[in-house]
Amino acid sequence: MEGRRVVVSALQFACTDDVSTNVNTAERLVRAAHGKGANIILIQELFEGYYFCQAQREDFFQRAKPYKGHPTILRMQKLAKELGIVIPVSFFEEANNAHYNSIAIIDADGADLGLYRKSHIPDGPGYQEKFYFNPGDTGFKCLSAICWDQWFPEAARAMVLQGAEILFYPTAIGSEPQDTGLDSRDHWKRVMQGHAGANLVPLVASNRVGKEIIETEHGKSEITFYGNSFIAGPTGEIIETANDKEEAVLVAHFDLDVIKSKRHSWGVFRDRRPDLYKVLLTLDGSNPQL
């Protein structure tokens, strides 16, 4: 009996700070992934330009565009329809007076399946996203989360409970400007491998490479993005991985019916106890009755 077979891809490349150059690179790599048989292709987070959140600059809000009529989304819709592939498209969204770190899911016929707005917004040296992004208001959807969401097991579980059979995480992460000795790369990978293993679903993570220097209010800030985009299988095993410097097109094949049977046989969803998880609903995670 023929299973539900899918071929997923993670792309990785160094961004310039020119939108047309980056979108052209993304299209070139999407076509390369399609040439390898991929039918769901993940591009890295905010790939239209440099990761601008190193600085708190009012002029960077000009990089945001409304969801409807967004030129990069329209271009990716055309590409998806031409190639018959699914493309999650990360972008900086302007929504009236709000701004979001968002992703539009483009189906294989070019249709826009809807929008997810990043739920968890980081704020620290080099990653000052709270200056630019409102907390997402869409709730979790059943295909993709975004970067900082990847550190929260609740996000992965919520997506799988809604029917996600593969998890996708577009990302922009690298060195820490305030601490050159801090390297989160392996931690970053292991956390997402855990999401795959805990939920028994494959996982695709796309990150950028290259050094990006941003002029901030306190002088220059730079991040060297560590790449290491990867595809994990349903027990968290690494199937394909990129290095920390080079452009990459990763591809992996999965039979979703085989994985579904294994997921059911493990019983991790059968044996869940939501009645005991009320502690998760408290503001600070404490429960005086426990």
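Source: prediction; values computed, not measured.

J.: Go over the overall build of the protein chain with me, naming the residues and quoting the values.
T.: Within the protein chain, the regular secondary structure consists of five helices and 14 strands. Against the 2.2 N^0.38 benchmark of 19 Å for 290 residues, the protein chain shows a C-alpha radius of gyration of 19 Å, consistent with a compact globule. Taken along its principal axes, the extent of the C-alpha atoms in the protein chain is 55 × 55 × 40 Å. For the protein chain, buried positions account for 51% of its 290 residues. Within the protein chain, contacts between residues separated by at least 24 positions form 67% of all contacts whose residues are at least 6 apart in sequence. Per element, the accessible surface of the protein chain, about 13400 Å² overall, is 53% carbon and sulfur.

J.: Lay out a nonpolar patch on the surface in plain terms, naming residues and giving numbers.
T.: Together, Leu-276, Tyr-277 and Leu-280 make up an exposed nonpolar region whose accessible area comes to about 310 Å². When you line up the elements, Leu-280 lands in the segment after α5 (256-266).

J.: I'd like a rundown of the side chain of Gln-12, residues and numbers included.
T.: Within the secondary structure, Gln-12 is located in strand β1 (residues 5-12). Side-chain polar atoms of Gln-12 contact the side chain of Ser-229, separated by 2.8 Å. When residues no more than four places from it in sequence are discounted, the contact partners of Gln-12 are Leu-29, Gln-44, Asn-207, Val-209, Gly-227, Asn-228, Ser-229, Ala-242, Asn-243, Glu-246, Glu-247 and Ala-248.

J.: Just give me the short version of the sheet that holds strand β4 (residues 98-106), but keep the residues and values in it.
T.: Overall, antiparallel pairing links the three strands, which are arranged β3-β4-β5 in an open sheet. One side of each edge strand has no neighbouring strand; the edge strands of this open sheet are β3 (87-95) and β5 (112-117). Here the average twist between neighbouring strands, direction ignored, is 30°. Alignment of β4 against β5, held across four bridges, turns out to be antiparallel. For Ile-103, the partnering residue across the bridge sits in β5 and is Tyr-116.

Reading guide: rules and limits
Residues numbered from 1 in each chain as written. Predicted model: local features only at pLDDT ≥ 70, side-chain atom pairs only at ≥ 80, totals over all residues. Heavy atoms only, no water. Helix = DSSP H or I, 4+ residues; strand = E, 2+ residues; numbered from the N terminus. Rg over C-alpha atoms; globule rule 2.2 N^0.38 Å. Buried < 20%, exposed > 50% of the residue type's maximum accessible area, 1.4 Å probe, protein only. Contact = heavy atoms within 4.5 Å. Areas by Shrake-Rupley, 256 points an atom, 1.4 Å probe, with all protein chains shown as cover. Patch = residues over 30% accessible without salt bridge, like charges linked within 9 Å, V, L, I, M, F, W, Y side chains within 5 Å. Salt bridge = Lys/Arg side-chain N within 4 Å of Asp/Glu carboxyl O. Polar contact = N/O pair within 3.5 Å; in protein donor to acceptor, adjacent residues only side chain to side chain. Pairing = 2+ DSSP bridges. Axes fitted to C-alpha atoms, helices over the stretch in contact; angles between N-to-C directions.

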